[in-house]
Amino acid sequence: MRRTLLILRRDLRLALRQGSDSFAAVMFFVMAVALFPFGVGPEPNMLARIGSGILWVTALMASMLALERLFQNDYDDGSLELLALAPLPLEAVVIAKIAAHWIATALPLIAAAPVLALLLHAPAEILAPLALALLLGTPTISLLGAVGAALIIGSRRGGVLLSLLVLPLAIPVLIFGVGAVEAALMGLPARPYFLVLAAFLLAALPLCPWAAAAAIRQALE
Amino acid sequence: MPWLQRSTLGLIAAGLTLGLFLSPPDYQQGDSVRIMYVHVPAAWMALFCYTAMAGASAAALVWRHALAHVAARATAPIGASFTFIALASGSLWGKPMWGTWWVWDARLTSMLVLFFLYLGYIVLAGAFDDRERAQKSAAVLAIVGFVNVPIIKFSVDWWNTLHQPASVLKIDGPSIDPSMLAPLLLMAIGFATYYFWVLAIRMQDEIMAGKIRALRLRRAESEAGDRSS
Amino acid sequence: MTRFTGDDVACVRGERTVFFGLSFQLGAGELLLLTGPNGSGKSTLLRLMAGLSRPIGGRIQWDGEDIAAEPERHRSRLQYVGHADAVKPQLSVKENLGFWASLARDGVSPGAAIEDALAAFGMEALRDMPSRFLSAGQRRRLALARILVAPAALWLLDEPAASLDDAAVQALDHALQSHGANGGIAVVSTHIGLAGETATRARVLDLTPARARPVVGTLA
């Protein structure tokens, strides 16, 4: 546990010093969302209707961007093999790196989402469900993305490949994430959606680090 | 595998003759129902191939058997083709039935996602210079994808009922007349033998290619050895 | 007494047999030099010894127990330096070393060990320098200093002398000597001979492919 936190702290410090990846992901999120009114027209009712979908899909894409180098940097400079040789399970290393990545990237995305929702004329009462849905859904996306990031270590085409692998797997999160916000929009209870999102997270929490660790071991072989 | 080839051609010919000419048209769908004899077996095979691919991948990772890797890799394009046939035939069937080429129907959408999963696998398997790494990485992806397929199916069904409350015509009903069942089963078995036939060809190819690579490597090494000594 | 042994080890990379029938026995305090041309499998053997990959045939054992049986126990007894230096340019020299130190050690604050390790490789003055300003040789020294920050019974060093100057090679020599004196085992791959006393007491495993079955011998 102490060692896991150590890696978490180190990754956060690296993200803070470097800033680029996470910051770029948030910038992408903001910009891509801002493009939609140009694409579909600025009509408020229309934007309010499709706003939750836009936010979720764009957040998903932004996460993919930032996840690409989750393990690649450490692999390139040799840190990954040392982490794999450290006296703690590789799964714990993976969890620490995912957690650091989620804090550095997804939390700013979630913080930006309500502001962007207002730009899309979303009614105020969906802001809280939107944030909660993202809070429950983005960790699952990070976990799935970590498996993808581990699979593409050392491959010839990184970024596009990661999206190709992970986006289909993330469809369930997208469906229920948007579902929660739409339910709130129509005044229906959003609780079942939150429960399903939480169930996805609970299922992904043990399985994804295990699969990612297996992929990393193979990459280092 | 001449016997696989013969049975494939025979079964599909018999299935098509029965399905296209000898079976009765559906009382609701008319002659469009005949698309089902291609669509449904293709969809079954799409799922079967993914299962086979994941099973072979798991076997390859657990027992480190090279042939299982080859089988998984050889299955992917075949499965992707079946998925594509299922999608295309579904779309052809949709035009007369729904009046449009594409409907975000739960089954078709799930098939589309399955198609994406196949594509991801194929691209990943070709994305590494190191063959061993490519095989193992793709194997993990196949297993992860396989675990996800039921979750995706469940989510898409939920999403579909939410957005399309009106029940659409099912492409295959729960009860089916024996005159329709016979061609359907013939086609299904024919598609399955086709899969094994092509799989055998592709695996032979792959093994041959491996042997050629090994020979080339040995020649290069012995030449290098001659030069240095 | 032999502690670290390899028995009939074989390794295949891709479709190529790198080596086979390879055996070694190392007792406390012993140093094994791996020699052979590029591509003969020196790094591969070190990775097998570290447990990063597994041999296709044969056994690698520590105190009679296969290293794959208890991977975490094996990892906690070794220090590995690979080709890459694993130095993060965003962190200072001390932060880099401190992270690996606290990751490897149990509980105790590694402060003094870090200072000692920096001193051993002549890096005290660079303590607070951001690592992005380090030269290749300085980064290599920092990577080597890592093996001193936490005690380990087994050192696996892959071309440790690459881009080191004479003074640093001497420091490495010295570190290997005191490691051996404390009963530590080291396996070092090199295509340039290590100078000094380490070289004379070292055993040598020649991986040159012409010798189909590598045997452990001495330099002479």
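Residues numbered from 1 in each chain as written. Chains lettered and ligands numbered in written order. Predicted model: local features only at pLDDT ≥ 70, side-chain atom pairs only at ≥ 80, totals over all residues. Heavy atoms only, no water.

Student: Break down the interface of chain A and chain C for me, with residues and values.
Tutor: Size of an interface, as often reported, equals the accessible area lost when the parts are brought together. Opposite the 26 residues of chain A that make contact, chain C presents 29 residues. Here chain A meets chain C over a buried area of about 2500 Å², counting both sides, of which 58% is carbon and sulfur. Three residues stand out in chain A for area buried against chain C, namely Leu82, Leu85 and Glu221 of chain A, and they jointly supply 25% of the buried area on that side. Where Asp77 of chain A meets Lys88 of chain C, a salt bridge forms, and the shortest distance between an N and an O atom there is 2.8 Å. Those elements giving two or more residues to the side of chain A that touches chain C turn out to be helix 1 (2–18), helix 4 (72–76) and helix 5 (79–85) of chain A. It is helix 1 of chain A that provides the largest number of residues to the side of chain A that touches chain C, a total of nine residues. Considering only residue class, the side of chain A that touches chain C consists of twelve nonpolar, four polar and ten charged. (Contact = heavy atoms within 4.5 Å. Buried area = accessible area lost by both parts, 1.4 Å probe. Salt bridge = Lys/Arg side-chain N within 4 Å of Asp/Glu carboxyl O. Helix = DSSP H or I, 4+ residues; strand = E, 2+ residues; numbered from the N terminus. Nonpolar A, V, L, I, M, F, W, Y, C, P; charged D, E, K, R; others polar.)

Student: Just give me the short version of the interface of chain C and chain B, but keep the residues and values in it.
Tutor: Taken together, the contacts link five residues of chain C with seven residues of chain B. The junction of chain C with chain B conceals about 520 Å² of combined surface from both sides, 37% of it contributed by carbon and sulfur atoms. For the pair chain C and chain B, the number of links is zero salt bridges. Put simply, chain C and chain B have zero residue pairs in polar contact (both at pLDDT 80 or more) between them. For the side of chain C that touches chain B, the per-class residue count stands at no nonpolar, one polar and four charged. (Polar contact = N/O pair within 3.5 Å; in protein donor to acceptor, adjacent residues only side chain to side chain.)

Student: Describe the side chain of Thr75 of chain B, naming the residues involved and giving the relevant values.
Tutor: Along the polypeptide, Thr75 of chain B turns up in helix 3 (residues 66–98). Residues in contact with Thr75 of chain B, not counting those within four places in the same chain, are Cys49, Met53, Tyr195 and Leu199 of chain B.

Student: How would you explain the sheet that holds strand 4 (residues 57–62) of chain C if you had to name every residue and give the values?
Tutor: All names here are of chain C. Strand order across the open sheet formed by four strands is 2-1-4-5, with antiparallel pairing between neighbours. If you trace the sheet from one side to the other, it starts and ends with strand 2 (16–27) and strand 5 (65–66), each paired once. Inspection of the sheet shows strand 1 (residues 2–13) paired to strand 2 by eight bridges, in the antiparallel sense. Paired with Val9 across the two strands is Leu22, which belongs to strand 2. Where helix 1 (residues 42–50) meets the sheet, its contacts fall on strand 1, strand 2 and strand 4, and the angle it forms with strand 1 comes to roughly 125°. (Pairing = 2+ DSSP bridges. Axes fitted to C-alpha atoms, helices over the stretch in contact; angles between N-to-C directions.)

Student: Hey, could you go over the packing of aromatic side chains for me, with residue numbers and the actual values?
Tutor: Across all of its chains, the model carries 19 aromatic pairs over all chains by this definition. Through a chain of ring-to-ring contacts, three or more aromatic side chains come together here, namely Phe176, Tyr193 and Phe200 of chain A together with Phe154 and Trp158 of chain B. Here the basic side chain of Arg146 of chain C rests over the ring of Trp100 of chain C, its NZ or CZ set 6.0 Å away from the ring centre. (Phe/Tyr/Trp six-rings, centres within 6.5 Å; stacked < 30°, edge-to-face > 60°. Lys NZ or Arg CZ within 6 Å of the ring centre and 35° of its normal.)

Student: Kindly report on unusual backbone geometry, identifying the contributing residues and their values.
Tutor: Residue and element names in this part refer to chain C. Although it is not a glycine, Glu159 sits at a positive phi angle of roughly 45°. Residue position: Glu159 is located in the loop between strand 7 (154–158) and helix 6 (166–181). Although it is not a glycine, Ser163 adopts a positive phi angle of roughly 55°. Structurally, Ser163 is set in the loop between strand 7 and helix 6.

Student: Please set out the packing of helix 3 (residues 93–104) of chain C against helix 5 (residues 136–149) of chain C residue by residue, giving values where relevant.
Tutor: The relative placement of two packed helices is expressed as an angle between their axes plus a distance between the axes. All names here are of chain C. As a packed pair, helix 3 and helix 5 sit with axes 9 Å apart at the nearest point and diverge in direction by 40°. By the angle between their directions, the pair helix 3 and helix 5 is classed as oblique. For the pair helix 3 and helix 5, the sense of crossing is right-handed. Residue-level contacts link Val93, Asn96, Leu97, Trp100 and Ala101 of helix 3 to Leu142, Ala145, Arg146 and Val149 of helix 5. (Parallel < 35°, antiparallel > 145°, perpendicular 65-115°, else oblique. Left-handed = near helix turned anticlockwise from the far one by under 90°.)

Student: Quick one: what's the story with a nonpolar patch on the surface, residue by residue and with numbers?
Tutor: On the surface, a nonpolar cluster with roughly 310 Å² of combined accessible area is contributed by Phe28, Val57, Met61 and Leu65 of chain A. By the secondary structure assignment, Met61 of chain A is in helix 3 (residues 44–67). (Patch = residues over 30% accessible without salt bridge, like charges linked within 9 Å, V, L, I, M, F, W, Y side chains within 5 Å. Areas by Shrake-Rupley, 256 points an atom, 1.4 Å probe, with all protein chains shown as cover.)

Student: Help me get a handle on helix 6 (residues 90–119) of chain A, residues and values and all.
Tutor: All names here are of chain A. With 30 residues, helix 6 should reach 44 Å at 1.5 Å per residue; the first-to-last C-alpha distance of 42 Å fits that figure. In helix 6, a bend of some 35° at Trp102 exceeds every other bend along the element. His121 sits one or two positions beyond helix 6 and adopts a positive phi of about 65°. (Expected span 1.5 Å × (residues − 1). Bend = angle between axes of the 7 residues up to and from the residue.)

Student: Tell me about the confidence of the model for chain B, residues and numbers included.
Tutor: Residues and elements named next belong to chain B. Of the residues in chain B, 90% reach a pLDDT of 70 or more, and the chain-wide mean stands at 84. pLDDT under 50 marks residues 165–172. Its contacts with residues more than four places away, or in other chains, come to 16 contacts. Here the prediction assigns the complex a pTM of 0.87, and the interface score ipTM is 0.87. (pLDDT = per-residue confidence, 0-100.)

Student: So what's going on with the pattern of salt bridges? Residues and values would help.
Tutor: If you walk through the whole model with that rule in mind, you get 25 salt bridges over all chains. Residue Glu221 of chain A is joined to Lys136 of chain B by a salt bridge in which the shortest nitrogen-to-oxygen separation is 2.7 Å. With Glu221 of chain A in the segment after helix 10 (191–220) and Lys136 of chain B in helix 5 (residues 131–163), this pair bridges two chains. Among the residues examined, Lys136 of chain B registers a relative accessible area of 15% and is labelled buried. (Buried < 20%, exposed > 50% of the residue type's maximum accessible area, 1.4 Å probe, protein only.)

Student: An account of empty space enclosed by the protein is requested, with residue identities and associated values reported.
Tutor: Residues and elements named next belong to chain C. Scanning the model with the defined rule gives five cavities of 30 Å³ or more in all. What the largest cavity holds in volume is close to 40 Å³. Lining the largest cavity are Asp85, Ala86, Val87, Asn96, Leu97, Trp100, Leu142, Ala143 and Arg146. Listing elements by their share of the lining of the largest cavity, those giving two or more residues are helix 3 and helix 5. Its residues assigned to classes, the lining of the largest cavity comprises six nonpolar, one polar and two charged. (1 Å grid on protein atoms, 1.4 Å probe; cavity = no way out; pocket = protein on both sides within 12 Å on 5 of 7 lines; lining within 4 Å. Points joined across faces, edges and corners; volume = space filled by probe spheres on them.)

Student: Explain the packing of helix 3 of chain B against helix 4 (residues 106–125) of chain B residue by residue, including any values.
Tutor: All names here are of chain B. Between helix 3 and helix 4, the least distance of the axes is 9 Å, while the angle of their chain directions is 150°. As the angle between them shows, helix 3 and helix 4 are arranged roughly antiparallel. Taken as a pair, helix 3 and helix 4 cross one another with a handedness that is left-handed. From helix 3, Ala72, Arg73, Ala76, Pro77, Gly79, Ala80, Thr83, Phe84, Ala86, Leu87, Gly90 and Trp98 reach across to helix 4, where they touch Leu108, Met111, Leu112, Leu114, Phe115, Tyr118, Tyr121, Ile122 and Ala125. Counted by class, the contact of helix 3 with helix 4 contains 17 nonpolar, three polar and one charged residues.

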